[in-house]
Amino acid sequence: MSAESAADRHSRALLTGYFLGLGAIMAVWGARMPAVQQAAHLGTAGLALVLLAAAVGMVAGLQLGGRYARPARLPALLTSGSLALAGCLVLVGHGESLSELLAAALAFGLAHGVLDVAANSAAVRCQNAFGRPIMSGLHAAYSLGALAGAALAALTAQAPHSTLFTATGALLAGVAVAAVPVTRSLSGADRPTARVGAGQLPLLPSPGKLWLLAALAAASLLGEGAAADWAAVHLHNLGAPTAASATAFALYSAAMAAGRLTGDRLTAAFGAPTVVRAGALLATAGLTIGVIGNSTPLTLTGWAVFGLGLSTTVPSLITAAGAGGAKAVATVTATGYLGLLAGPALIGALASATTLPTALLLPALLAAAVAALAHRALENTTP
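Small disclaimer: the values here were computed from a predicted structure and weren't measured.

Novice: Describe the side chain of His161, naming the residues involved and giving the relevant values.
Specialist: By the element assignment, His161 lies in helix 7 (residues 161–178). Leaving out residues up to four positions away in the same chain, His161 has contacts with Arg32, Ala35, Val36, Ala39 and Gly93.

Dropping the structure here:
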């Protein structure tokens, strides 16, 4: 069998679709959350509880997925996780009380976590089957799906959110059912880890190295949380027009997608440690200049460069963890999401004690830490 058989290419296309769908459904969920809040007559505290329930469910789902995502079970987990996520999105769309939304959000997060681990574990095995990096491209599909989902939410802003959630859930469920025959034959699901690089197997990460990978994932995803929740506020405080402020996260996301589309070729040419370290240094410089530049064009550019620089970090960290199996993938992913969830609140607390520009130097400092530790975390663990 060649390194890139037809079955391998079909599996890669299938997983690209799963990552696209996951990105789109998460963007739709996030973009219409204010409408969910209004429909259920929730205050800020009530909405925070709903989001917390989703976060708790997601962490639990990541751990559950890590326990059960054995190679032979990956096709079933991908299909069942997609169907559960689709159904829970519909339930969230029709929630009319805090109790209903808490239950639906908890289940939504649980399904999200299971599907996330299954997709990333399958992606690691598919990459092993290819014998060259493809993980960054798969994560680019997630970024592109998120952009598409955000655009869909914006275009349907006048429609009831329940209609959008139902239609999106039905579409995702239909595609997942239609893809069952291909998902069952997922390439690499029933084969041992393939040899990569110059004929060498990646070394299993030790417990210490695994937690280092997890910490770097948290540091990287804290930056994504900062971009999502604080970039627009940062621009607004500089006196930027509303449209320009809203563009900041879109530029960050677009730059991250562009970086991931080229990340596999760079990783194959220079190795993951070098690419991650160079990217993290670029992210540090970009955000630092954007924060201290005190002008709208420079700040927008800084957030875009920050996204570009961090684009290959999480795919490379998950790849390195993948040698340890689904449980290791779940550990790195769950810890990373804790950074994503806790980061905005931490930055808010620092901003209250100092200023927002000062607080936003934290993601830049963490990116510098990623650059400093990239070689130690990734050496001998990635293709």
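Alright, that's what it looks like, and here's the rest.
Novice: Can you lay out the packing of helix 13 (residues 313–322) against helix 14 (residues 326–353) for me, pointing to particular residues and giving the numbers?
Specialist: Between helix 13 and helix 14, whose axes approach to 8 Å, the crossing angle comes to 150 degrees. The angle between the axes of helix 13 and helix 14 places the two elements in the roughly antiparallel class. Helix 14 is crossed by helix 13, and the crossing has right-handed handedness. Of helix 14, the residues touching helix 13 (which contributes Leu317, Ile318, Ala321 and Gly322) are Ala328, Val329, Val332 and Thr333. Among the residues forming the contact of helix 13 with helix 14, the class breakdown is six nonpolar, two polar and no charged.

Novice: Can you tell me about the domain arrangement of the protein chain, naming the residues and giving the values?
Specialist: Taken domain by domain, the protein chain consists of domain 1 (6–186) and domain 2 (207–378). Put simply, the middle of domain 1 and the middle of domain 2, counted by C-alpha atoms, are 22 Å apart. Contacts between the two partners involve 25 residues from domain 1, matched on the other side by 27 residues from domain 2. Taken together, the links from domain 1 to domain 2 amount to zero salt bridges. Viewed at the interface, domain 2 and domain 1 are joined by eight residue pairs in polar contact (both at pLDDT 80 or more). Looking at the side of domain 1 that touches domain 2, the elements that each hand over two or more residues are helix 3 (44–68), helix 5 (98–130) and helix 6 (135–155). Element by element, the count of residues in the side of domain 1 that touches domain 2 is highest for helix 6, at eight residues. The residue inventory of the side of domain 1 that touches domain 2, partitioned by class, reads 13 nonpolar, 10 polar and two charged.

Novice: Describe the packing of aromatic side chains, naming the residues involved and giving the relevant values.
Specialist: Here the structure, examined in full by the defined rule, presents four aromatic pairs. The interplanar angle of 40 degrees and the centroid separation of 6.1 Å between the aromatic rings of Tyr252 and Phe306 together place this pair among those described as tilted. Taken as a pair, Tyr252 in helix 10 (residues 242–270) and Phe306 in helix 12 (residues 296–310) lie far apart in primary sequence, 54 residues in all. The residues Tyr252 and Phe306 share a single accessibility class, namely buried. Ring geometry for Trp303 versus Phe306: centroids 5.9 Å apart, planes at 80 degrees, classification edge-to-face. Here Trp303 and its partner Phe306 are both found in helix 12, three residues apart, which amounts to about one turn of the helix. Grouped by ring-pair contacts, the aromatic residues Phe249, Tyr252, Trp303 and Phe306 constitute a single cluster.

What counts and what doesn't
- Residues numbered from 1 in each chain as written.
- Predicted model: local features only at pLDDT ≥ 70, side-chain atom pairs only at ≥ 80, totals over all residues.
- Heavy atoms only, no water.
- Helix = DSSP H or I, 4+ residues; strand = E, 2+ residues; numbered from the N terminus.
- Contact = heavy atoms within 4.5 Å.
- Axes fitted to C-alpha atoms, helices over the stretch in contact; angles between N-to-C directions.
- Parallel < 35°, antiparallel > 145°, perpendicular 65-115°, else oblique.
- Left-handed = near helix turned anticlockwise from the far one by under 90°.
- Nonpolar A, V, L, I, M, F, W, Y, C, P; charged D, E, K, R; others polar.
- Domains from an automatic or database assignment.
- Salt bridge = Lys/Arg side-chain N within 4 Å of Asp/Glu carboxyl O.
- Polar contact = N/O pair within 3.5 Å; in protein donor to acceptor, adjacent residues only side chain to side chain.
- Phe/Tyr/Trp six-rings, centres within 6.5 Å; stacked < 30°, edge-to-face > 60°.
- Buried < 20%, exposed > 50% of the residue type's maximum accessible area, 1.4 Å probe, protein only.

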